[in-house]
Amino acid sequence: MPGKQGAEWWREAVVYQVYPRSFADSDGDGEGDLRGVVAHLDHLVSLGVDALWLNPFYPSPGVDGGYDIADHCDVDPRYGTLADFDTLVTAAHARGLRVIVDVVPNHVSDAHPWFRAVLASGPGSPERARFHVRPGRGPDGAEPPSTWTSVFGGPSWTRITEPDGTPGEWYYHLFAPEQPDLNWKNPEVLAEFARVLRFWLDRGVDGFRVDAADALIKDTTWPDTPGGWPVIPKDASSPVHEVYRALRRVLDSYPGDRMAVVETGAPDDVVALFLRPDEMHLAFNLRFAKAAWDAGELQAAITESLAANAAMGAPVTWVLDNHDNPRSVTRFAAGIRLEGDYAPTSTGGDGVADLARGLRRARAAALLMLALPGAAYLYQGQELGLPNVDDLPDEALQDPVFRRSGGTERGRDGCRVPLPWRGEVPPFGFSPDGVATWLPQPPAWRDLTVATQEADPSSTLWLFRRALALRRAEPSLRRGTVAWLEPSSPGEDALRLRRKAGGGRALVVVVNFGVEPVPLPAGEVLLASAPVAVGGGLPGEATAVVVPAGG
Ligand code: GLC
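Residues numbered from 1 in each chain as written. Predicted model: local features only at pLDDT ≥ 70, side-chain atom pairs only at ≥ 80, totals over all residues. Heavy atoms only, no water.

## Notes on the sheet that holds strand β15 (residues 494–500)
Picture the strands of a sheet paired through backbone hydrogen bonds; they go either parallel or antiparallel.
Okay, so step 1: A sheet is described by the order of its strands in space; here five strands give the open sequence β14-β15-β16-β18-β17, paired in antiparallel fashion. Strands at the two margins of the open sheet, each flanked by one partner only, are β14 (481–484) and β17 (523–528). Averaged over all adjacent pairs, the angle separating strand axes in this sheet is 30 degrees, with direction ignored.
Okay, so step 2: Sheet analysis places β15 next to strand β16 (residues 507–512), joined by six bridges and oriented antiparallel. In the sheet register, Ala 494 faces β16, and the bridge partner there is Asn 512. (Pairing = 2+ DSSP bridges. Helix = DSSP H or I, 4+ residues; strand = E, 2+ residues; numbered from the N terminus. Axes fitted to C-alpha atoms, helices over the stretch in contact; angles between N-to-C directions.)

## So, the domain arrangement of the protein
Okay, so step 1: What the domain assignment lists for the protein is domain 1 (9–106 + 186–460), domain 2 (113–172) and domain 3 (480–548).
Okay, so step 2: Between the C-alpha centres of domain 2 and domain 3 there is a distance of 57 Å. (Domains from an automatic or database assignment.)

## Things to note about the packing of aromatic side chains
Okay, so step 1: Enumeration over the complete set of coordinates arrives at 24 aromatic pairs.
Okay, so step 2: Measuring from centroid to centroid gives 4.9 Å for Phe 199 and Trp 200, while their planes differ by 80 degrees, and the two rings are edge-to-face.
Okay, so step 3: In this structure Trp 200 comes out as buried when scored by relative accessible area, which is 1%.
Okay, so step 4: An aromatic cluster of three or more residues is present, and its members are Phe 57, Tyr 58, Phe 85, Phe 199 and Trp 200.
Okay, so step 5: The ring centre of Trp 114 lies 4.2 Å from the NZ or CZ of Arg 130, which sits over that ring. (Phe/Tyr/Trp six-rings, centres within 6.5 Å; stacked < 30°, edge-to-face > 60°. Buried < 20%, exposed > 50% of the residue type's maximum accessible area, 1.4 Å probe, protein only. Lys NZ or Arg CZ within 6 Å of the ring centre and 35° of its normal.)

## Examining the side chain of Ser 146
Okay, so step 1: As for its placement among the helices and strands, Ser 146 is situated in the loop between β4 (133–134) and β5 (157–161).
Okay, so step 2: Separated by 2.8 Å, the side chains of Ser 146 and Trp 157 make a polar contact.
Okay, so step 3: Those residues within four positions of Ser 146 in sequence are excluded, and the remaining contacts are Arg 137, Trp 157, Trp 222 and Asp 224. (Polar contact = N/O pair within 3.5 Å; in protein donor to acceptor, adjacent residues only side chain to side chain. Contact = heavy atoms within 4.5 Å.)

## Examining unusual backbone geometry
One can expect most non-glycine residues to show negative phi and most peptide bonds to be in trans.
Okay, so step 1: With an omega of 10 degrees, the peptide bond running from Pro 426 to Pro 427 counts as cis.
Okay, so step 2: Its location among the elements puts Pro 427 in the loop between α12 (400–404) and α13 (450–454).
Okay, so step 3: You will see that Glu 541, though not glycine, has its phi angle at about 50 degrees, which is positive.
Okay, so step 4: As for its placement among the helices and strands, Glu 541 is situated in the loop between β17 and β18 (542–548).
Okay, so step 5: Residue classification places Glu 541 among the buried positions, given a relative accessible area of 3%.

## Some details on the sheet that holds strand β8 (residues 259–262)
Okay, so step 1: Spatial ordering of the open sheet is given by β9-β8-β7-β3-β2-β1-β13-β10, a layout of eight strands whose pairing is parallel. Because the sheet does not close on itself, it has two edges, and the strands there are β9 (282–283) and β10 (317–319).
Okay, so step 2: Relative to strand β13 (residues 375–379), β10 is paired through three bridges, and the arrangement is parallel. Each residue of the ladder has a partner; that of Val 319, found in β13, is Tyr 377.

## Re the nonpolar core
Okay, so step 1: One finds Leu 52, Leu 54, Phe 57, Phe 85, Val 101, Trp 200 and Tyr 377 to be the most contacted residues of the largest nonpolar core, which totals 148 residues.
Okay, so step 2: With near-sequence residues (within four places) excluded, Leu 54 lies in contact with Val 18, Pro 20, Val 37, Phe 85, Leu 88, Val 99, Ile 100, Val 101 and Asp 102.
Okay, so step 3: Ranked by size, the runner-up nonpolar core spans 13 residues in total, among them Trp 157, Phe 175, Ala 212 and Trp 222. (Core = buried A, V, L, I, M, F, W, Y, C linked by side-chain atoms within 4.5 Å.)

## What to know about the confidence of the model for the protein
Okay, so step 1: Taken as a whole, the protein shows an average pLDDT of 95; of its residues, 97% reach a score of 70 or greater.
Okay, so step 2: By mean pLDDT, strand β12 (residues 345–347) is the weakest element of the protein at 60, and strand β1 (residues 14–18) is the strongest at 99.
Okay, so step 3: Scored below 50 in pLDDT, residues 1–5 shows 10 contacts in the model against residues more than four places distant or in partner chains. (pLDDT = per-residue confidence, 0-100.)

## Quick notes on the pattern of salt bridges
Okay, so step 1: In this structure the tally under the stated criterion is 40 salt bridges.
Okay, so step 2: Between Asp 86 and Arg 203 there is a salt bridge; the shortest N-O distance is 2.9 Å. In this pair, Asp 86 sits in helix α3 (residues 82–94) while Arg 203 sits in the loop between α5 (187–202) and β7 (207–210), placing the two residues 117 residues apart along the sequence.
Okay, so step 3: For Asp 86, a relative accessible area of 26% corresponds to the partly exposed category.
Okay, so step 4: A residue is classified by how much of its surface remains accessible, and Arg 203, at 25% relative accessible area, is partly exposed.
Okay, so step 5: Between Lys 218 and Asp 181 there is a salt bridge, with the nearest N and O atoms lying 2.7 Å from each other. In this pair, Lys 218 sits in the loop between β7 and α6 (240–252) while Asp 181 sits in the loop between β6 (167–172) and α5, placing the two residues 37 residues apart along the sequence.
Okay, so step 6: For Asp 181, a relative accessible area of 0% corresponds to the buried category.
Okay, so step 7: One network of salt bridges, with partners in common, ties together Asp 64, Asp 324, Asp 399, Arg 412 and Arg 416. (Salt bridge = Lys/Arg side-chain N within 4 Å of Asp/Glu carboxyl O.)

Here's what the structure looks like:
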């Protein structure tokens, strides 16, 4: 078991998100698998992370990249076996890495036995009471029960064909039709998820990432809303918080600091409600993840989320990249801000996707993130500075967002392209030579492989390694206070933060958002995201961590 960190390891941990289908392919089928993860754990060790989070690897038809789960207590054959999972946990723990797995409480796959039973049973059955199944409106019940739309596009109600072949009731799905929502007001659902958590806790996992965590409780009066927006109460009195109190009791019944990090796109004060001491441990700061490359916007995201979480005694969980959004290199290249869920519309920026500029900014933002107090989550390939792949051929696209938007949204495949490990041509060591990967890799990734970057001390890989080592060495980077310092001159396009934690020396972090250099405080530069000449300023679109002269 990892034992190097003390209690509440998750408060300051850096966690590496593994998207199993795209991490490493051990069996040559063009898709990643659990044995591929085991084979590359040393990449995570040399990076210096504390833990890995695995996106879903459970049996699934794969309609939504595995977020349509048919059995929450097994491994899909495409990813391996439960024995492979056990090997992965043992191998990770032997290296001091903790393991977090995804849990998806909002919905199951339509191939799940519970939903099959819905189709086989009739109206009013206990099987239907586990989901939101309702008669339709209008003559013959041919109209859906409400106007609500799905976050993947299209209506969020689908009509059932009854066992006798007649058109019947409707079921609710916040996401794709193949992802029917569970009815969390039914106690059987909580009992089932307590069982799921125990299954993985018994196998040694250190925690969970809770998918769409704030969405579990719907307004079941199903009010019609303008634009079809769903009504999902998450205020302090919503029963959704009772769910997390119950799940917390399951976690707390296990030894060894087991934790949960929730995904919610709610505003800061609502996110903080899920972090009350008897609820969950962490919540992603998706506001930070969606911000543009803009000093004011990032400063507000930092200040306000720190304040909201401090009220609960909870750390902030920083994230820039994940499997749902365009990679930061590409976002920052065009200076865009993300809006909406999963079908990222974007605003702002000059629309010029200069990837060299995007990479400078993504490196600077990552060094800033790793110098903020709390937990930080990295997404596989972020440490390589991979751009989003925005020119995948239509026929390769698999995200339901593409299909359900009628092709107007490209979806999320562009951030899910298999990793380049080594070599001159695809599959770049992801799969055995000559194998076609499930999404094609750009030939230009030849310059971004792990092996290429390993040999180049100025690479993004080495920047992440140094940043993580520095964070480990300097308590003031991973906990403590953030104080905003005055600009060096009026109107300077930069952020200056003083960071200080008990037991650590004070540090100053400078982020230059402009293109002209800005002065650095006198002192020693410990790390910078771009070369800093001795006695020179900080170049444009760069971050530096400085030990100020005189403290
Ligand atoms: C979460 C996941 C996303 C998935 C959705 C539905 O937001 O991160 O990938 O599509 O939930 O499960």
